[in-house]
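Below are the chains, spelled out letter by letter.
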Amino acid sequence: MEVLYPRCAGLDLGKDTLVACVRIHGREVQQECRTFGMTTRELLALSDWLSTHAVTHVAMEATGTYWKAVWHLLETAFTLVLANAAHIKGVPGRKSDVNDAMWIADLLAHGLIRGSFVPPEPIQDVRDLTRTRTQLVREIAQHTQRIQKTLDIANLKITGLISDVLGVTGRSILRALIAGETDPVRLADLARGTLKAKRAALIEALTGRVTAHQCRLLKLHLHLIEQLEAAVAELDQQLGDALAPFRDAVTRLDAIPGINTIVAQAIIGEIGLDMTRFPTHEDLVSWACLCRRLNDSAGKRKSTRTRKGGGWLKTVLVQAAWAASRTKDSYLRAQFLRLRARRSPKKAAVAVAASMLTAIYYMLRDGTEYRDLGANYFDTLDHSHLTKRLVTRLEHLGYRVELRKVAA
């Protein structure tokens, strides 16, 4: 097999140590292994050792977050390849750190490792901020659910009347309960907006039994929610600064139905702006795990479900697809309705997400604006098919149809 990289190295990473194997291809293949620590001093010594052997390419596994520190220290001196651990797994029963490092070096030398996508540092900063923001928002939702659970235990049935328990009225009632107010009439007087018209229903719903223990729980969860909301607001400010060079791209993505500024920021953080890393839009869609898997064997096609992976980008795009499916007079909604009738709502949402990512690919690659094809795109795509379908439907209803084309 052809050797692509005659001087390369493979790294097997751990929490405290790593094993490096240098592979030099000459008349005979020479391999040398050494163990280094994961401290900065040890990693700099690793870099010097690799440079001494004139190594050009280095491969490592994507092991947790351990690879990131190694990557940042070596990326300026070597061409790095990040490998998916599942793609380079060795034979069971012959596993050790040294064997793994040698195996990674052999695979890299022959070009058998498909490198994972690692964005540049500014995009990585945006990715860290957007992922942290998502996690904080999820924690807010968890504490909100715990507040609702506590209210239900106290037999305060306000969650059916107040759509947002953290809204103006909801927070006012929660603070009053925390302060020790249990009179349902006084609590109902705190209603604002349209809830004032539901005063009688609120009084009935706010009649319950609230203990001191439940008040302490409400106070704890509300305090944590307010702290998390402050952290989210601070993250939004940091995101605004980090995305200043990419503001034009965020604005263009914001024009796609179902995508707002927050979603656009998350997408930029996951895929970056350089689309040359993905030869075609199919490669990007496949990388995001939004296409069906290839699983054919013995002439039989097995499961075609989407592959597992792409948790961050896939999740945000599918959520955006559900939002786009409710945007009237849009191509994405028309696509969703068309596929939902033949497949299922969930499969239609994944297909819409793939279409959105395809549009994003060309918008970022070519620097173009989003142009919606319109809700009638599929109707104008094939007149004969649409005409036949409508005639068939009328005939099933008991009508006899005679078509006569009107002059333009």
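Every value quoted in this text rests on a predicted model; they were computed, and no experiment measured them.

Q: Hey, could you run me through the overall build of the chain in this one?
A: Along the backbone of the chain there are 16 helices and 7 strands. In the chain, the proportion of contacts linking residues at least 24 apart, taken out of those at least 6 apart, comes to 60%. As presented, the chain carries roughly 24,200 Å² of accessible surface, and 51% of it is formed by carbon and sulfur atoms. Within the chain, the 42 negative side-chain charges are centred at a point lying 9 Å from the centre of the 57 positive side-chain charges.

Q: Sorry if this is basic, but what is going on with a negative patch on the surface here?
A: On the surface, Glu75, Glu121, Asp125 and Asp128 cluster together to form a negatively charged patch. Note that Glu75 resides in the loop between helix H2 (66–74) and strand S5 (79–83).

Q: Looking at this structure, I do not really get the nonpolar core. What am I missing?
A: Within soluble globular proteins, side chains that are nonpolar generally end up buried alongside one another. The biggest cluster of nonpolar side chains holds 80 residues, and the ones touching the most others in it are Ile267 and Leu290. Counting residues per element, this core draws most heavily on helix H14 (residues 345–366), at 12 residues. Those residues within four positions of Ile267 in sequence are excluded, and the remaining contacts are Leu253, Ile259, Gly272, Leu313, Val316, Leu317 and Ile360. In terms of nonpolar packing, the next biggest core, distinct from the first, is built from 24 residues, Ala9, Ile24, Val58 and Trp71 among them.

Q: Honestly, helix H3 (residues 97–109) in this entry has me stumped. Any pointers?
A: Owing to its 3.6 residues per turn, the α-helix brings residues three or four apart onto one side. An ideal rise of 1.5 Å per residue puts 18 Å on 13 residues; H3 measures up with 18 Å between its terminal C-alpha atoms. Looking at H3, one finds that the buried residues are Asp100, Ala101, Ile104, Ala105, Leu107, Leu108 and Ala109. Turning to H3, the residues buried within the fold contact strand S1 (7–13), strand S2 (17–25), strand S4 (57–61) and S5. A positive backbone phi angle near 70 degrees is found at Gly111, which sits one or two residues after H3.

Q: When you look at the packing of aromatic side chains in this model, what are you seeing that I'm missing?
A: In the structure shown here, the tally under the stated rule is 10 aromatic pairs. Measuring from ring centre to ring centre gives 5.6 Å for Phe36 and Trp49, while their planes differ by 50 degrees; the resulting arrangement is tilted. Of this pair, Phe36 sits in strand S3 (residues 29–37) while Trp49 sits in helix H1 (residues 40–52), and the two are 13 residues apart along the sequence. On the accessibility criterion, Phe36 (2% relative accessible area) is buried. On the basis of relative accessibility, which here comes to 7%, the residue Trp49 falls in the buried class. With centroids separated by 5.0 Å and ring planes inclined at 90 degrees, the aromatic side chains of Tyr361 and Tyr362 adopt a geometry described as edge-to-face. Accessibility expressed as a relative area gives 31% for Tyr362, which makes it partly exposed.

Q: Even after reading the chapter, I still don't get a nonpolar patch on the surface, so can you show me in this structure?
A: On the surface, Leu394, Leu397 and Tyr399 cluster together into a nonpolar patch covering about 350 Å² of accessible area. Inspection of the secondary structure assignment puts Tyr399 in the segment after helix H16 (383–396). Relative accessible area serves as the criterion here: at 55%, Tyr399 is assigned to the exposed category.

Q: Mind showing me how you'd approach the side chain of His53 here?
A: With respect to the helices, strands and loops of the structure, His53 is situated in the loop between H1 and S4. In terms of polar contacts, His53 uses its side chain to reach the side chain of Glu32, at 3.0 Å. Once residues lying within four places of it in the same chain are set aside, the contact partners of His53 are Arg7, Val22, Ile24 and Glu32.

Q: Would you mind going over a positive patch on the surface with me for this structure?
A: A surface patch of positive charge is lined by Arg292, Arg338, Arg342, Arg343, Lys347, Arg389 and Arg393. The topology assignment puts Arg389 in helix H16.

Q: How should I be thinking about the pattern of salt bridges in this particular structure?
A: Close approach of charged atoms allows side chains of opposite charge to pair. Counted under the stated rule, the structure contains 13 salt bridges. Between Arg171 and Glu229 there is a salt bridge, with its nearest N and O atoms 2.4 Å apart. One end of the pair, Arg171, is in helix H5 (residues 168–178); the other, Glu229, is in helix H8 (residues 212–242), and 58 residues separate them in sequence. Judged by its relative accessible area of 15%, Arg171 falls in the buried class. Relative accessible area serves as the criterion here: at 29%, Glu229 is assigned to the partly exposed category. Arg186 is paired through a salt bridge with Glu181; the nearest N and O atoms lie 3.7 Å apart. Since its relative accessible area comes to 23%, Glu181 is described here as partly exposed. Through salt bridges that share partners, Arg127, Arg131 and Glu270 make up one connected network.

Q: So what exactly am I meant to see when it comes to unusual backbone geometry here?
A: Glycine aside, residues mostly have negative phi, and peptide bonds are mostly found in the trans state. Its identity as a non-glycine residue notwithstanding, Asn155 has a phi of 65 degrees, on the positive side. The exposure class assigned to Asn155 is partly exposed, which follows from its relative accessible area of 41%.

Q: Please explain the packing of helix H4 (residues 121–153) against H8 as it appears in this structure.
A: Relative orientation and spacing of two packed helices are given, respectively, by the angle between their axes and the distance between those axes. Running from N to C, H4 and H8 cross one another at 160 degrees; their axes reach a closest spacing of 9 Å. With respect to their mutual orientation, H4 and H8 come out roughly antiparallel. Where H4 crosses over H8, the two elements pack in a sense that is left-handed. The class makeup of the residues in the contact of H4 with H8 is 19 nonpolar, 8 polar and 5 charged.

Thresholds applied
- Residues numbered from 1 in each chain as written.
- Predicted model: local features only at pLDDT ≥ 70, side-chain atom pairs only at ≥ 80, totals over all residues.
- Heavy atoms only, no water.
- Helix = DSSP H or I, 4+ residues; strand = E, 2+ residues; numbered from the N terminus.
- Contact = heavy atoms within 4.5 Å.
- Areas by Shrake-Rupley, 256 points an atom, 1.4 Å probe, with all protein chains shown as cover.
- Lys, Arg positive; Asp, Glu negative; His and termini not counted.
- Charge placed at Lys NZ, Arg CZ, Asp CG, Glu CD.
- Patch = residues over 30% accessible without salt bridge, like charges linked within 9 Å, V, L, I, M, F, W, Y side chains within 5 Å.
- Salt bridge = Lys/Arg side-chain N within 4 Å of Asp/Glu carboxyl O.
- Core = buried A, V, L, I, M, F, W, Y, C linked by side-chain atoms within 4.5 Å.
- Buried < 20%, exposed > 50% of the residue type's maximum accessible area, 1.4 Å probe, protein only.
- Expected span 1.5 Å × (residues − 1).
- Phe/Tyr/Trp six-rings, centres within 6.5 Å; stacked < 30°, edge-to-face > 60°.
- Polar contact = N/O pair within 3.5 Å; in protein donor to acceptor, adjacent residues only side chain to side chain.
- Axes fitted to C-alpha atoms, helices over the stretch in contact; angles between N-to-C directions.
- Parallel < 35°, antiparallel > 145°, perpendicular 65-115°, else oblique.
- Left-handed = near helix turned anticlockwise from the far one by under 90°.
- Nonpolar A, V, L, I, M, F, W, Y, C, P; charged D, E, K, R; others polar.

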